[in-house]
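As a plain string of letters, each chain reads:
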Amino acid sequence: MDFENARFNMVEQQIRPWDVLDPKILDLLFHVKREDFVAADKRQLAFVDTELPLPHGGKMLQPKLEARLAQDVAVQPQDKVLEVGTGAGYLTALLAKLGRHVYSVEINAATRETAAANLKKAGIGNVTLVEGNGLDGLKEQAPFDVIVVGGSLPVVPESLKAQLAVGGRMIVVVGDLPVMSCKLIKRVGESAFSETNLFETCISRLAQAEAIEPERFVF
């Protein structure tokens, strides 16, 4: 398979049309090899516009969504980043290339180990992988300039908002099927936050999302 041609087509046919136009992000997509973050028997599917199942459960987000999250949260070179849900480690790698250091929390031990191997192979060193419930954040490293949640949630978790630095940003997909909203949360003061709906999408639930599922009214 011609991976470079497939990568070019992914960028031009999937990612640019999804309003990912930042040259830094587009350049990263050519340098961080997505096929190295999927299982060996799925390398030819690395550029397909779909979520890919991970070997130990969970799913790898669509390429266009990973690129859009990385772009819209606007990671700066000095930023300390918290990622909730490491998955395959590909989005982790993009964030690490953009920021100073990424702390990524993954609830599945086997998934964390696979991501660690993928990141090592890609030469990404400014990442700390932690096994745990990412919805608790990582208080010992807080506050964070950027928080990225790698799966959908029913509501925006207050536990993560509290770990944003003033001026920090969190990007998270919130809601229920059939329509979810990608939100950008900014901490604009010690107790003040702004919230912007960026776009609508549908992605798989984060593994630990049930813990913050609100009570549903039943007729």
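Note that the structure is a prediction, hence the values are computed from the model and not measured.

Once that is clear, we can look at the pattern of salt bridges. One pass over the structure, following the stated rule, counts 14 salt bridges. A salt bridge links Asp72 to Arg68; the shortest N-O distance between them is 2.7 Å. With Asp72 and Arg68 both in helix α3 (residues 63-72) and four residues apart, this pair spans about one turn of that helix. Each of the two residues, Asp72 as well as Arg68, counts as buried. With a shortest N-O distance of 2.3 Å, Arg112 and Glu113 are connected by a salt bridge. Since its relative accessible area comes to 46%, Glu113 is described here as partly exposed. Each of Glu4, Arg7, Lys33 and Glu35 takes part in salt bridges that share partners, so that together they form one network.

Next up on the list: the nonpolar core. Across soluble globular proteins, you tend to see nonpolar side chains buried next to one another. By size, the foremost hydrophobic cluster in this structure holds 49 residues, and its most contacted members are Leu29, Phe37 and Met60. If one sorts the elements of this core by residue count, helix α4 (residues 90-98) sits on top with seven residues. Leave out the neighbours within four places in its chain, and Phe37 touches Val32, Met60, Ala88, Gly89, Tyr90, Ala93, Asn118, Leu119 and Ala122. Counting 19 residues, the second largest nonpolar core, distinct from the first, contains Tyr103, Val105, Val149 and Leu164.

According to the stated counting rule, one finds four aromatic pairs in the structure shown. Ring geometry for Phe3 and Phe47: centres 6.1 Å apart, planes at 55°, overall tilted. Taken together, the residues span a long stretch of sequence, with Phe3 in helix α1 (residues 3-15) and Phe47 in the loop between α2 (23-31) and β1 (52-53) at a distance of 44 residues. We note that Phe3, like Phe47, is buried. Ring geometry for Tyr103 versus Phe144: centroids 6.2 Å apart, planes at 65°, classification edge-to-face. Taken together, the residues Tyr103 in strand β4 (residues 101-106) and Phe144 in strand β6 (residues 144-149) connect sequence positions 41 residues apart. When its relative accessible area of 13% is taken as the criterion, Tyr103 is described as buried. Over the ring of Phe144 we find Lys80, and its NZ or CZ is 5.5 Å from the ring centre.

Burial analysis of α4 places eight of its nine residues in the buried class, which makes it a mostly covered element. For α4, the full list of buried residues reads Tyr90, Leu91, Thr92, Ala93, Leu94, Leu95, Ala96 and Leu98.

This part covers the layout of surface pockets. Size it by volume and the largest pocket reaches roughly 420 Å³. Along the walls of the largest pocket sit 29 residues, with Leu54, Gly58, Lys59, Gly87 and Gly150 positioned nearest its centre. Looking at the lining of the largest pocket, the elements with two or more residues in it are β2 (59-60), α4 and β4. Tallied by class, residues from the lining of the largest pocket come to ten nonpolar, 13 polar and six charged.

This part is about the packing of α1 against α2. A pair of packed helices is captured by two measures, namely the crossing angle of their axes and the spacing between those axes. Orientation of α1 relative to α2, taken along the N-to-C sense of each, is 145°, at an axis distance of 9 Å. Viewed along their axes, α1 and α2 form a crossing whose handedness is right-handed. Contacts between α1 and α2 pair Arg7, Phe8, Val11 and Ile15 from the former with Leu26, Leu29 and Phe30 from the latter. Residues belonging to the contact of α1 with α2 are distributed by class as follows: six nonpolar, no polar and one charged.

So, how was this worked out
Residues numbered from 1 in each chain as written. Predicted model: local features only at pLDDT ≥ 70, side-chain atom pairs only at ≥ 80, totals over all residues. Heavy atoms only, no water. Salt bridge = Lys/Arg side-chain N within 4 Å of Asp/Glu carboxyl O. Helix = DSSP H or I, 4+ residues; strand = E, 2+ residues; numbered from the N terminus. Buried < 20%, exposed > 50% of the residue type's maximum accessible area, 1.4 Å probe, protein only. Core = buried A, V, L, I, M, F, W, Y, C linked by side-chain atoms within 4.5 Å. Contact = heavy atoms within 4.5 Å. Phe/Tyr/Trp six-rings, centres within 6.5 Å; stacked < 30°, edge-to-face > 60°. Lys NZ or Arg CZ within 6 Å of the ring centre and 35° of its normal. 1 Å grid on protein atoms, 1.4 Å probe; cavity = no way out; pocket = protein on both sides within 12 Å on 5 of 7 lines; lining within 4 Å. Points joined across faces, edges and corners; volume = space filled by probe spheres on them. Nonpolar A, V, L, I, M, F, W, Y, C, P; charged D, E, K, R; others polar. Axes fitted to C-alpha atoms, helices over the stretch in contact; angles between N-to-C directions. Left-handed = near helix turned anticlockwise from the far one by under 90°.

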